[in-house]
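Understanding the architecture of this molecule
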Amino acid sequence: MELRVNILHRDTSYWGADANEFRPERWQDPNLQPKWEYLPFGGGMRNCPAHQMTVTLLAYIITRLVREFEAIENRDPILEFVDEYTFSTRSRNGVKIALRPCRIRFPFANGMDPK
Ligand code: HEM
């Protein structure tokens with residue numbers, strides 16, 4: 001049995017008429033509390049055992065990137081997000097970006113810098 005999450009995650013009956021639009025701001029809506037409508041890590045007894053670890057790791061990586069770089073520049077000549085569905089959905093064009101280092105260094109709250 002296969003679950004097509006690319007179809008589930010674009011179900012207009014739950015996500016609304018703009019379900020196909022790449023609009024990450026939709027997550028700012030506190031009323032958006034999907035359960036079985038959103039399954040990036042699967043669900044039930046055989047869900048991804050690394051779900052929490054992966055989300056924590058990604059939050060850490062994003063925080064470190066934000067601390068080190070003041071901007072992320074797009075280097076992809078195609079501006080809109082063009083997806084490609086394999087096992088999961090990803091950008092068909094890859095990730096063409098450049099990271100610009102921060103000019104200001106923000107000290108850690110505890111005064112320590114892991115560098
Ligand atoms: C963004 C990263 C990841 C995503 C989106 C993801 C997603 C998934 C999904 C959708 C499943 C199938 C769940 C189901 O059938 O209901 C799965 C299973 C699994 N994932 Fe992940 N995963 C990620 C990262 C990882 C990592 C980093 C590991 C290991 C360190 C991992 C280990 C596993 C294992 C062992 C299973 C099989 C669980 C089972 O069949 O009982 N995953 N994952």
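Residues numbered from 1 in each chain as written. Predicted model: local features only at pLDDT ≥ 70, side-chain atom pairs only at ≥ 80, totals over all residues.

1. With respect to the overall build of the protein chain
Counted only if it meets this: Numbering of helices and strands starts at the N terminus; helices are DSSP runs of H or I of at least 4 residues and strands are runs of E of at least 2. In this treatment the radius of gyration is a C-alpha quantity, and the globule benchmark scales as 2.2 Å times the residue count to the 0.38 power. Remark: C-beta atoms are placed from the backbone, and a residue is labelled buried if 20 or more other C-beta atoms sit within 10 Å of its own, exposed if 12 or fewer do, or partly exposed between those counts. Any two residues are considered in contact once their C-beta atoms, placed from the backbone, lie within 7 Å.
Counting its regular elements, the protein chain contains 3 helices and 4 strands. For the protein chain, the succession of helices and strands along the chain, N to C, is α-α-α-β-β-β-β. In terms of C-alpha radius of gyration, the protein chain reaches 18 Å, well past the compact-globule figure of 13 Å for 115 residues. A buried classification covers 0% of the 115 residues belonging to the protein chain. Looking at the protein chain alone, contacts between residues at least 24 apart form 47% of all its contacts between residues at least 6 apart.

2. Overview of the domain arrangement of the protein chain
Our working definition: Domain boundaries shown here were taken from an automatic or database domain assignment.
Looking at the assigned domains, one finds that the protein chain contains domain 1 (1–48) and domain 2 (69–115). Of note, the centres of domain 1 and domain 2, computed from C-alpha atoms alone, are 23 Å apart.

3. Topic: the site of the ligand
Put simply, the rule is: Near residues are defined by distance alone, with the backbone-placed C-beta atom required to lie within 6 Å of the molecule or strand. Residues are grouped as follows: Ala, Val, Leu, Ile, Met, Phe, Trp, Tyr, Cys and Pro are nonpolar; Asp, Glu, Lys and Arg are charged; every other residue, Gly included, is polar.
In the region of the ligand, the neighbouring residues are P40, F41, G42, G43, R46, N47, C48, P49, A50, T54 and S88. Within the shell around the ligand, the residues separate by chemical class into 5 nonpolar, 5 polar and 1 charged.

4. Section: the pairing of strand β1 (residues 69–74)
Consecutive residues of a regular strand have side chains that alternate between opposite faces of the sheet. The cut-off we apply is this: Strands were regarded as paired on the criterion that DSSP finds at least two bridges between them.
Of all 6 residues in β1, 0 are buried, a share of ten percent or less. The pairing of β1 with strand β4 (residues 97–101) spans 5 bridges and is antiparallel. Within β4, the position partnered with I72 by the bridge is L99.

5. So, the environment of N93
In this structure, N93 sits in the loop between β3 (89–91) and β4. Residues in contact with N93, not counting those within four places in the same chain, are D76, I78 and V82.

6. A word on helix α3 (residues 51–68)
Rules: By this rule the span expected of a helix is its residue count minus one, scaled by 1.5 Å.
Between its terminal C-alpha atoms α3 stretches 26 Å, which fits the 26 Å expected from 18 residues at 1.5 Å a residue. The buried fraction of α3 is low, at 0 of 18 residues.

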